[in-house]
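Listed here are the chains, written in short residue letters.
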Amino acid sequence: MSLEAAITFTLAIFIFGITPGPGIFAILARALNSGAKSCIPLSLGMSVSDVIYLILATFGLAAIAENYGGLFTAIRFIGAAYLMYLGWKMWTAKVDDEIQNSKLGRPSLLSGFIQGFLISASNPKVILFYIAFLPTFMDLTKLSTSDIVLVSGLTLLALMVGLMLVAVMASSVRKYLKSQKALKRLNKTAGSIMIGAGLFLVSRGTS
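Residues numbered from 1 in each chain as written. Predicted model: local features only at pLDDT ≥ 70, side-chain atom pairs only at ≥ 80, totals over all residues. Heavy atoms only, no water.

(A) Region of interest: the overall build of the protein chain. For the protein chain, the count of helices and strands is nine helices and zero strands. Along the protein chain, from the amino end to the carboxyl end, the secondary structure elements read α-α-α-α-α-α-α-α-α. Counting all 207 residues of the protein chain, 44% fall into the buried class. Excluding contacts between residues fewer than 6 apart, the proportion of contacts in the protein chain whose partners are at least 24 apart in sequence is 89%. In the form shown here, the protein chain has an accessible surface area of approximately 10600 Å², with 70% of it arising from carbon and sulfur atoms. (Helix = DSSP H or I, 4+ residues; strand = E, 2+ residues; numbered from the N terminus. Buried < 20%, exposed > 50% of the residue type's maximum accessible area, 1.4 Å probe, protein only. Contact = heavy atoms within 4.5 Å. Areas by Shrake-Rupley, 256 points an atom, 1.4 Å probe, with all protein chains shown as cover.)

(B) Examining helix α3 (residues 39-58) more closely. Between the first and last C-alpha of α3 there are 28 Å, a value that for 20 residues agrees with the 28 Å anticipated at 1.5 Å per step. Among the 20 residues that make up α3, 14 are buried, leaving the element largely enclosed by the rest of the structure. (Expected span 1.5 Å × (residues − 1).)

(C) Expanded view of the nonpolar core. Of all hydrophobic cores here, the largest spans 21 residues; its most connected members are Ile 27, Cys 39, Leu 42, Met 46, Ala 167 and Met 194. Looking at this core, the elements that each hand over two or more residues are α2 (22-34), α3, α5 (69-92), α8 (145-174) and α9 (180-206). Sequence-distant contacts of Ile 27, defined by excluding residues within four places in its chain, comprise Cys 39, Leu 42, Ser 43, Met 46, Leu 163, Val 166 and Ala 167. Counting residues in hydrophobic clusters, the runner-up holds 17 residues, among them Leu 54, Val 126, Phe 137 and Ala 158. (Core = buried A, V, L, I, M, F, W, Y, C linked by side-chain atoms within 4.5 Å.)

(D) Representation of the side chain of Thr 155 in the model. Secondary-structure assignment places Thr 155 in helix α8. A polar contact of 2.7 Å, which involves the side chain of Thr 155, links it to the backbone oxygen of Val 151. Setting aside residues up to four positions removed in sequence, Thr 155 forms contacts with Phe 9, Ile 13, Val 51, Leu 54 and Tyr 130. (Polar contact = N/O pair within 3.5 Å; in protein donor to acceptor, adjacent residues only side chain to side chain.)

(E) Region of interest: the packing of helix α1 (residues 3-17) against α8. Where α1 meets α8, the axes come as close as 8 Å, and the angle between the chain directions of the two elements is 40 degrees. Viewed along their axes, α1 and α8 adopt a mutual orientation that is oblique. Where α1 crosses over α8, the two elements pack in a sense that is right-handed. Contacts between α1 and α8 involve Ala 6, Phe 9, Thr 10, Ile 13, Phe 14 and Gly 17 from the first element and Val 151, Leu 154, Thr 155, Ala 158, Leu 159, Val 161, Gly 162, Leu 163 and Leu 165 from the second. Split into classes, the residues belonging to the contact of α1 with α8 amount to 11 nonpolar, four polar and no charged. (Axes fitted to C-alpha atoms, helices over the stretch in contact; angles between N-to-C directions. Parallel < 35°, antiparallel > 145°, perpendicular 65-115°, else oblique. Left-handed = near helix turned anticlockwise from the far one by under 90°. Nonpolar A, V, L, I, M, F, W, Y, C, P; charged D, E, K, R; others polar.)

(F) Expanded view of a nonpolar patch on the surface. A cluster of nonpolar side chains, namely Leu 3, Ile 7 and Leu 11, defines an oily patch on the protein surface of about 320 Å² accessible area. You can see Leu 3 is positioned in helix α1. (Patch = residues over 30% accessible without salt bridge, like charges linked within 9 Å, V, L, I, M, F, W, Y side chains within 5 Å. Salt bridge = Lys/Arg side-chain N within 4 Å of Asp/Glu carboxyl O.)

(G) View of the packing of α2 against α3. Running from amino to carboxyl end, α2 crosses α3 at an angle of 170 degrees, the nearest separation of the two axes being 10 Å. In terms of orientation, α2 and α3 fall into the roughly antiparallel class. Between α2 and α3, the residues in contact are Gly 23, Ala 26, Ile 27, Arg 30 and Ala 31 and Cys 39, Leu 42, Ser 43 and Met 46, respectively. Residues of the contact of α2 with α3, tallied by class, amount to six nonpolar, two polar and one charged.

So, in structure tokens, the structure goes:
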């Protein structure tokens, strides 16, 4: 892959990463509720899942999306249910001076990573995107190990930058909301976005 192709590839993945969808909705909700730092494991989980799909695509495993449709459907509904559960928790969370130290406000690194991984892994259409996208930049029949490592690294970088940019922008809004009333509205907004992400995740699988 030439330098120009690598730059173009990275920019294209960046744009793909910030395209509105269940992942972006989840990032927005988490950043509004807990700040940008809490989105790091969430973003990493989504990015790692995408990279796995990309690697599968490079090996020509497009059929996996069809042959294991039942498994992907189950994962999608589990992920959607989890998102809606988190949304409900945000919606009903009590607003007090210790909200930043609550379990909801500071999810563990592992739970955040798993949540992000489920969001991306539950959408098998991602692998179809990479299968259609990759041939534009490289010959998939002549890929070397170094080529796969390169595109995987560029994809991980572009997605993390894009997702965390969204998180930082959303988190900056939270800083201006200091009152109890404003925080309560913020939690309900974040909860609504998270529930919407779950519903959107389900609807994409039926479209």
